[in-house]
Amino acid sequence: MDSLHGPRADNLRRTLNALPDLIWSLDAEQRIRWMNAAMAEKLGVDPSKVIGTTFSEVLQGSVCPPAFCPNQQSFETQKPYTVDVYVEQLGGYFAVTCIPLWTREGQFDGSVI
C-alpha cells in the first residue's frame, strides 16, 4: 500500500483502517508489507516496527511458519485458502482467508489476509 499514491490510495488506506477485520499484506517471502489499524491493535504492535519481518516472527516468534499455517498453504499452492484456526497470540479462533496477489505480468507477488 505504501507504493500507492494519490487520493484513491488515501481513500483505500482510510477504508481498510476503518474496518474491524484483521488485514495484512505479505510479500512473496511472507514478510509483512502493510497491516490495517485493527491488526496492529490486536497484535499490540506499531506497524512501522514490524514491516519487513515475517508474519510468523510476529505471531509465533519463529522465522518458519508451522506446517498447518493457512498462509503457508496459500503460499505453497498460490491459490486462495480459507480455514478456521485458533491463534493463541490473538486469543481466539479466526476464519482466515489468504488471497494470492499477482503482478501485472502474472508473477506471484504475495498475499492479502
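Everything below is about the structure shown above.
Residues numbered from 1 in each chain as written. Predicted model: local features only at pLDDT ≥ 70, side-chain atom pairs only at ≥ 80, totals over all residues. Heavy atoms only, no water.

Okay, the pairing of strand E5 (residues 108-112) next. Here strand E1 (residues 24-26) pairs with E5 via two bridges, running antiparallel. Bridging from a neighbouring strand, Leu26 pairs with Ser111 of E5. Pairing of strand E4 (residues 92-102) with E5, which is carried by four bridges, proceeds in the antiparallel orientation. The residue bridging Leu101 from the neighbouring strand is Gly110, located in E5. (Pairing = 2+ DSSP bridges. Helix = DSSP H or I, 4+ residues; strand = E, 2+ residues; numbered from the N terminus.)

Moving on: the sheet that holds E1. Here we have five strands laid out as an open sheet, ordered E2-E1-E5-E4-E3, and antiparallel in their pairing. Edge positions in the sheet fall to strand E2 (32-35) and strand E3 (81-87), since each has one partner strand and no second. Between one strand and the next, the sheet's axes are offset by a mean angle of 25 degrees, whatever the strand orientation. (Axes fitted to C-alpha atoms, helices over the stretch in contact; angles between N-to-C directions.)

Right, let's talk about the pairing of E3 for a bit. Successive side chains on a regular strand alternate, one facing one side of the sheet and the next facing the other. Where E3 and E4 come together, seven bridges link them in antiparallel fashion. Bridge pairing in E4 links Asp84 to Ala95. Between the antiparallel neighbours E3 and E4 lie four residues, among them Gly91 with a positive phi of about 75 degrees.

The biggest cluster of nonpolar side chains holds 19 residues, and the ones touching the most others in it are Trp24, Ile32, Met35, Leu43, Phe55 and Leu59. Of all the secondary structure elements, the ones that give two or more residues to this core are E1, E2, helix H2 (37-43), helix H4 (55-60), E3 and E4. Ranked by residues supplied to this core, first place goes to H2 with three residues. If we skip the residues at most four places from it in the chain, Trp24 touches Ile32, Trp34, Met35, Met39, Leu43, Phe55, Leu59, Ser111, Val112 and Ile113. (Core = buried A, V, L, I, M, F, W, Y, C linked by side-chain atoms within 4.5 Å. Buried < 20%, exposed > 50% of the residue type's maximum accessible area, 1.4 Å probe, protein only. Contact = heavy atoms within 4.5 Å.)

With that settled, the discussion passes to unusual backbone geometry. One non-glycine residue with positive phi stands out, namely Gln30, at about 65 degrees. Among the residues examined, Gln30 registers a relative accessible area of 12% and is labelled buried. Even without being a glycine, Gln78 presents a positive backbone phi close to 55 degrees. Mapped onto the fold, Gln78 is located in the loop between helix H5 (70-77) and E3. Residue Gln78 is classed as partly exposed on the basis of its relative accessible area, which comes to 33%.

This part covers the pattern of salt bridges. Two side chains of opposite charge can pair, provided their charged atoms sit close to one another. Applying the stated criterion across every chain yields a total of four salt bridges. Linking Asp27 and Arg31 is a salt bridge whose minimum nitrogen-to-oxygen distance equals 2.8 Å. Taking relative accessible area as the criterion, Asp27 reaches 11% and is therefore assigned buried. By relative accessible area, which is 33% here, Arg31 ends up partly exposed. We note a salt bridge from Asp109 to Arg33, for which the minimum N-O separation is 3.2 Å. Residue Asp109 is found in strand E5, and its partner Arg33 is found in strand E2; the two are separated by 76 residues along the sequence. Under the relative-accessibility criterion, Asp109 is labelled partly exposed at 29%. The network of salt bridges with common partners includes Asp27, Glu29 and Arg31. (Salt bridge = Lys/Arg side-chain N within 4 Å of Asp/Glu carboxyl O.)

These figures come from the coordinates and say nothing about function on their own.
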